[in-house]
Number of protein chains: 4
Amino acid sequence: MNTFGHLFRLTTFGESHGAAVGGVIDGCPAGIGIDLDFIQSQLDRRRPGQSRITTARKEGDRVELLSGVFEGKTTGHPIGFIVRNENQHSSDYDNLREVFRPSHADYTYYNKYGLRDHRGGGRSSARETISRVVGGAIAMLCLRQMGVGIKAWTQQVGAIACNRDWTQLDLSLIDSNPVRCPDPDIAHAMEQLILEVKGEGDTIGGVIAGVITGCPVGLGEPVFGKLHAQLGAAMLSINAVKGFEYGEGFAGVSQRGSEQNDVLEPGATSPVFRSNHSGGIQGGISNGQPIPFRVAFKPVATLLRPQETIDIHGQATTIHPRGRHDPCVLPRAVPVVEAMAAMVVLDAYLADRARKNEKA
Amino acid sequence: MNTFGHLFRLTTFGESHGAAVGGVIDGCPAGIGIDLDFIQSQLDRRRPGQSRITTARKEGDRVELLSGVFEGKTTGHPIGFIVRNENQHSSDYDNLREVFRPSHADYTYYNKYGLRDHRGGGRSSARETISRVVGGAIAMLCLRQMGVGIKAWTQQVGAIACNRDWTQLDLSLIDSNPVRCPDPDIAHAMEQLILEVKGEGDTIGGVIAGVITGCPVGLGEPVFGKLHAQLGAAMLSINAVKGFEYGEGFAGVSQRGSEQNDVLEPGATSPVFRSNHSGGIQGGISNGQPIPFRVAFKPVATLLRPQETIDIHGQATTIHPRGRHDPCVLPRAVPVVEAMAAMVVLDAYLADRARKNEKA
Amino acid sequence: MNTFGHLFRLTTFGESHGAAVGGVIDGCPAGIGIDLDFIQSQLDRRRPGQSRITTARKEGDRVELLSGVFEGKTTGHPIGFIVRNENQHSSDYDNLREVFRPSHADYTYYNKYGLRDHRGGGRSSARETISRVVGGAIAMLCLRQMGVGIKAWTQQVGAIACNRDWTQLDLSLIDSNPVRCPDPDIAHAMEQLILEVKGEGDTIGGVIAGVITGCPVGLGEPVFGKLHAQLGAAMLSINAVKGFEYGEGFAGVSQRGSEQNDVLEPGATSPVFRSNHSGGIQGGISNGQPIPFRVAFKPVATLLRPQETIDIHGQATTIHPRGRHDPCVLPRAVPVVEAMAAMVVLDAYLADRARKNEKA
Amino acid sequence: MNTFGHLFRLTTFGESHGAAVGGVIDGCPAGIGIDLDFIQSQLDRRRPGQSRITTARKEGDRVELLSGVFEGKTTGHPIGFIVRNENQHSSDYDNLREVFRPSHADYTYYNKYGLRDHRGGGRSSARETISRVVGGAIAMLCLRQMGVGIKAWTQQVGAIACNRDWTQLDLSLIDSNPVRCPDPDIAHAMEQLILEVKGEGDTIGGVIAGVITGCPVGLGEPVFGKLHAQLGAAMLSINAVKGFEYGEGFAGVSQRGSEQNDVLEPGATSPVFRSNHSGGIQGGISNGQPIPFRVAFKPVATLLRPQETIDIHGQATTIHPRGRHDPCVLPRAVPVVEAMAAMVVLDAYLADRARKNEKA
């Protein structure tokens, strides 16, 4: 199942060490101006080798749009695109041909499919998220027309967290540091932790927070297409994600209804909520308030230290990984989280518009 | 979007105060023995009025299967079913016809659809979950053939939590108390808290934990149909859910890869994992280990105390709710969580089997 | 696969001799006035026992809407409905329990599912089309707002055909005779043929023609969702249908492009086509002209005469059918054809609206 | 809607004069040997410039598989592929930038999307079928394992038809002539007719017949996924198709049930049908017999002679088409018909296997 979305749909393909990754965006409205620089800038935020806390692999990750755009605008037809793979050191993986790396997809892929492309994780590689970033960037270009904004940032690395409410943060600072945390001091501490972990050949997890602003009232389709259910599915489909929450999330379970209810009061032009404990969604439908959410990433499984495991014959062995890997995926995952959020919101927008009864 | 699943599909309908709720189960394999008592027993666990900590509404919630079963077995054709609504006090809701209850779906439904059935929440009522329980019970009857077991329980109410690992709990005790917590002492404390909250006309949230056991290796479809992404979407579609996590979840983000990796070693008949930090899923595919997960429920929005709000004309007003409501939804939501998990696993099982290349 | 449509979706259930047939309509826009008399009138046109050329079975076929309608209007939520089965003579079918009737679904169902509900054809019975008529009637109520009209009629029975172009017919006469052919003389000849065939215990096929008028420009989704591809799939899913064509259809293959091209010329308010060989669809998208189509029905397989066959043990046997059956399904299939066409057009309308870029 | 299929899914992209056409095949079982020469041979049968009765455009149409294949076998992951466009004479279309060609998709595309890529028909070009041929060829490689064969041929061009039953034809002769008709004499007459039409700057329609052999019993999903409904939708989605029929089709409507019923009798190893009027499908499910079908193609709209029309401003004008076009699309459409049939059968096979209850 390599297609995401219902009306705005992204289908992706590609392995880490194949010829290319890419995809097809179907259902994009016609007439949207395509800003290639913006798309590329999101890819650049995801690109490896951008700082000393990411993998040293150098990949240009230049996207080529193959269809669906004519004279700078979308035509309403599918947008095919590819990003050629380059700078692959496939021989780095020769020793892993018959070995299951701990906590990777190696064992499950091999059992499910009966064979696997062992090079760089094959299809299970996070390189697949390139296609998501392209799809998400084009969704963002559509959403701009509606005034919807989407921002994500690194909120926590290991135990170092930036716990202030997002309304207290200056989100313009997200890209001011390689960690992509809007609090420069905390960012610095996070960076030190990542370098420390990297020095140990280890990895570390964290939390990416995000917020959707300017979302119109009415997005989300009861009962199974609740906006947050679609958002959760989107985030949980990203490599290494272990949890999703929105609004008050897990912490809010200790509260009482009287604390969490968001009271409506008359406003100048439209009703005003006194609070946003609901996280911008009520009954699965956006209520016009910002939608804050959090996504938990486990530490990546690839360690730069020897690990015990077994091979495909069931024999015990030890792996000595080579290759170039991220000690912490969060900085590069920020644009991926934004991309998935954008596609969910746009898809929900199209679904809502489809069934609007303008004459009722 | 009132259909859930891809190959095993549940479509639901029905409002709280309409004639009936019900649904259609499509894609159920043929030849499955239908144990009506089991289906009804799951409905009875969800039924209101079962204890002093749930709403006092009395509803029989008897399911009638209308099709798809012949001489006690499924025929492979759609199973239509209805549960008639009864004991509705629609007049309890007359005062809410033009009022938006705080943190309910009232405001969003009204804005999305331009009108709403205000009686008992209409379609946004958790009464809709009856249909999920029926679908899930039939999925469970299929899964039994494969040796898959699914259990859920109340892990936390307010701040009172049962934090021991599920392997340390006696899950046969889940239904030994009205809270559905397998630790009787903690269950007692939870029950006291719920009664206290109820006495204040307030409500309280909590966490339901679950575990899927006996799941074969290979379920889940990369990249967007990862097993946990489907599981998360399922849980997040349940009323009042604000978060989902599996494996080490949010807590695990502070760990290092070297702590969290699950090492494989040779076993008697098949490989053995030394640990299960991954939560039974790697690369989005089940690895044969148990799949533990957690679902966060907010306190329900319906309070038995006056609340400020506005009406559909934008005027400030105060509501004085009547009706009979749950101070805490968790005890009754346990079978709903089980139902959703069962449908996800069965659907993933069918998808996996479809594409197996037996001759490869 | 018992769900039809993408945005306006009908899911059906029910066997001929089960408790009920019914379905769920999902995705219907909110605020549509529900005219129950109109829905029932379409069911009455499909009902058995309406004339001497249809089966003598008497069934009321009263529909009960269970949800999704509030104070006479659709709410935007799923409309569940059932039609109870009645007047079943299941014992008529006792002798068919282990026998495969020639050219029925008996052999294929038994092989596919490993068991079958043999009573009255079970799920393969055309009684299933009741649910389609309900779904189609509600779609028609939506389409009325847009000025779209849908008409079908019996164009051919056996070799007796009404070959005049639909623009030369008075479609208000369709229901003036039991055959549902708008030419009374031809209708009379058809009726005589059906009675003659009936007298022989035999059955006869025919063609239903239809036309969609008032369809706006722009419906249909390239490349796989072409409007006529959806229309064809809809018609071919009706029991006993063997062929579909639109525009000039099969006959037009002998023509040259210079004969078939539809020339556009300037019109008073919008461009005008000089001809409609295209059948109202170009490139898979409606062009605003009427959409005429034809649907071929084979003679039904149930004969009131002895037939050789085999049983489920592979032994030769002879069947002596009892029961009450139609010698020709066309008169009762007319509202089914209309229903499927209505659902296709409405679904295409919603899909088109979803992706319209109003700001482009 | 540029995705075809449910479990085996093809998503296509690309315009006639864009950078490339291509697609993604998702859901292909793992472990299928990929015979690139076979895929290319099917593309070569579709390629322009292969004979004097097709367009003189020269295009290599070499496919590049970008993913999903490892060491010659499918991995179970999506197969992305592209075919670069070349030898485009886009300037041939400069004069059509603001003109609607009669009976093309120009008018409908422009109205639906508000803009269009006018070069060579853009997305509405039959060049899009390249991607179908690639998808179909890979489906055929899967079907070979099951013994399923698919053949299509030109049965009729204009009024010249090869009406013998397919069982009386030597299908190995299909590619013995440029028309792809298995009767060499009739093929010669067809070829003369096409050349005559071409000489007049005109075009001509025809019928492609096909047959699916070796299809196992049980494929097709009642009620909306009937095998022939999926087959019909597939064929009707091909450019220029106006009709579809299978079994006795339209001609069979004049017959009686007693003539058309297929009697089953005991056979050596399994039951035997005395006839195949049903066309291999009963109740929407394959019965193990061959599945013959027919597809009607209209004459293509592009004429090499002046035609009256209007432009996007509603003004009357005359077009003088340039470019290189086919006087008759049938010879090149044969592999496209085969491709669509193959994808339908494989998809139905996967759907059937998904829900098989092996333990029932």
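Here is what the cut-offs are and how they apply
Residues numbered from 1 in each chain as written. Chains lettered and ligands numbered in written order. Predicted model: local features only at pLDDT ≥ 70, side-chain atom pairs only at ≥ 80, totals over all residues. Heavy atoms only, no water. Least-squares fit on C-alpha atoms with pLDDT ≥ 70 in both. Axes fitted to C-alpha atoms, helices over the stretch in contact; angles between N-to-C directions. Helix = DSSP H or I, 4+ residues; strand = E, 2+ residues; numbered from the N terminus. Parallel < 35°, antiparallel > 145°, perpendicular 65-115°, else oblique. Left-handed = near helix turned anticlockwise from the far one by under 90°. Contact = heavy atoms within 4.5 Å. Nonpolar A, V, L, I, M, F, W, Y, C, P; charged D, E, K, R; others polar. Buried area = accessible area lost by both parts, 1.4 Å probe. Salt bridge = Lys/Arg side-chain N within 4 Å of Asp/Glu carboxyl O. Polar contact = N/O pair within 3.5 Å; in protein donor to acceptor, adjacent residues only side chain to side chain. Pairing = 2+ DSSP bridges. Core = buried A, V, L, I, M, F, W, Y, C linked by side-chain atoms within 4.5 Å. Buried < 20%, exposed > 50% of the residue type's maximum accessible area, 1.4 Å probe, protein only. pLDDT = per-residue confidence, 0-100.

(A) Representation of the relation of the copies chain B and chain A within the structure. Its rotation angle being 180°, the transformation that places chain B on chain A also includes 0.0 Å of axial translation and leaves an RMSD of 0.0 Å. Taken together, the rotation angle and the small translation identify this as a two-fold axis.

(B) Here's a closer look at the packing of helix H1 (residues 36-46) of chain D against helix H3 (residues 129-144) of chain D. Residues and elements named next belong to chain D. Two elements in contact, H1 and H3, have axes separated by 9 Å at closest approach and are oriented at 140°. The orientation of H1 relative to H3 falls into the category oblique. Note on packing geometry: the crossing formed by H1 with H3 is right-handed. Of the residues in H3, those touching H1 at Phe38, Ile39, Gln42, Leu43 and Arg46 are Thr129, Ile130, Val133, Val134, Ala137, Ile138, Met140, Leu141 and Arg144. Looking at the contact of H1 with H3, its residues break down into ten nonpolar, two polar and two charged.

(C) Region of the structure containing the interface of chain B and chain A. If you look at the interface, chain B gives 106 residues, while chain A gives 105 residues. Summed over both partners, the interface of chain B with chain A buries about 7,700 Å², with 59% contributed by carbon and sulfur atoms. Of all residues in chain B, Met1, Phe224 and Lys242 of chain B give up the largest surface area on contact with chain A, accounting jointly for 12% of the area buried on that side. Applying the counting rule to chain B against chain A returns ten salt bridges. For Glu308 of chain A, the salt bridge is made with Arg274 of chain B, and the minimal N-O distance between the two is 3.0 Å. For the pair chain B and chain A, the number of links is 53 residue pairs in polar contact (both at pLDDT 80 or more). The class makeup of the residues in the side of chain B that touches chain A is 45 nonpolar, 39 polar and 22 charged. With three bridges connecting them, strand E11 (residues 241-246) of chain A and strand E11 (residues 241-246) of chain B associate as antiparallel partners. Along E11 of chain B, the bridge assignment pairs Glu245 of chain A with Gly243 of chain B.

(D) Examining the nonpolar core more closely. Residues Phe297 of chain A, Phe297 of chain B, Phe297 of chain C together with Phe297 of chain D are the most contacted members of the largest nonpolar core, which totals 366 residues. Ignoring anything within four residues of it in the chain, the contact list for Phe297 of chain C reads Gly205, Gly206, Ile208, Ile238, Asn239, Ala240, Val241, Val329, Leu330, Ala333 and Val337 of chain C together with Val253 of chain D.

(E) The arrangement of the sheet that holds strand E16 (residues 291-297) of chain D in detail. Read from one edge to the other, the open sheet built from ten strands follows the order E9(C)-E8(C)-E10(C)-E16(C)-E11(C)-E11(D)-E16(D)-E10(D)-E8(D)-E9(D), with strand pairing classed as antiparallel. Edge positions in the sheet fall to strand E9 (160-161) of chain C together with strand E9 (160-161) of chain D, since each has one partner strand and no second. Where strand E10 (residues 206-213) of chain D lies against E16 of chain D, seven bridges are found, and the strand directions are antiparallel. Residue Gly210 of chain D lies in a different strand from E16 of chain D, and its bridge partner there is Phe293 of chain D.

(F) Looking closely at the confidence of the model for chain A. In the predicted model, chain A carries a mean pLDDT of 94, and 96% of its residues have values of at least 70. Scoring of the predicted complex yields 0.97 for pTM and 0.97 for ipTM.

(G) The arrangement of the environment of Ser254 of chain C in detail. Relative to the helices and strands, Ser254 of chain C resides in the loop between strand E11 (241-246) and helix H6 (257-260). Beyond its immediate stretch of four places on either side in the chain, Ser254 of chain C contacts Gln156, Gly158, Ala159 and Ile204 of chain D. A polar contact is formed between the side chain of Ser254 of chain C and the backbone oxygen of Gly158 of chain D, at a distance of 3.5 Å.

(H) Quick peek at the packing of helix H1 (residues 36-46) of chain A against helix H7 (residues 330-355) of chain A. All names here are of chain A. Across the interface, H1 lies against H7 with an axial gap of 7 Å and an inter-helix angle of 140°. Classed by the angle they form, the pair H1 and H7 counts as oblique. Between H1, through Gln42, Arg45 and Arg46, and H7, the contact on the second element is made entirely by Pro331, Arg332, Val334, Pro335, Val336 and Glu338.

(I) Fine view of the environment of Pro292 of chain A. Residues and elements named next belong to chain A. Checked against the element boundaries, Pro292 lands in strand E16 (residues 291-297). Residues Pro292 and Tyr246, spaced 46 residues apart in sequence, show a C-alpha to C-alpha distance of 5.8 Å. Excluding residues within four positions of it along the chain, Pro292 makes contact with Trp166, Gly210, Val211, Tyr246, Gly247, Asn276 and Gly279.

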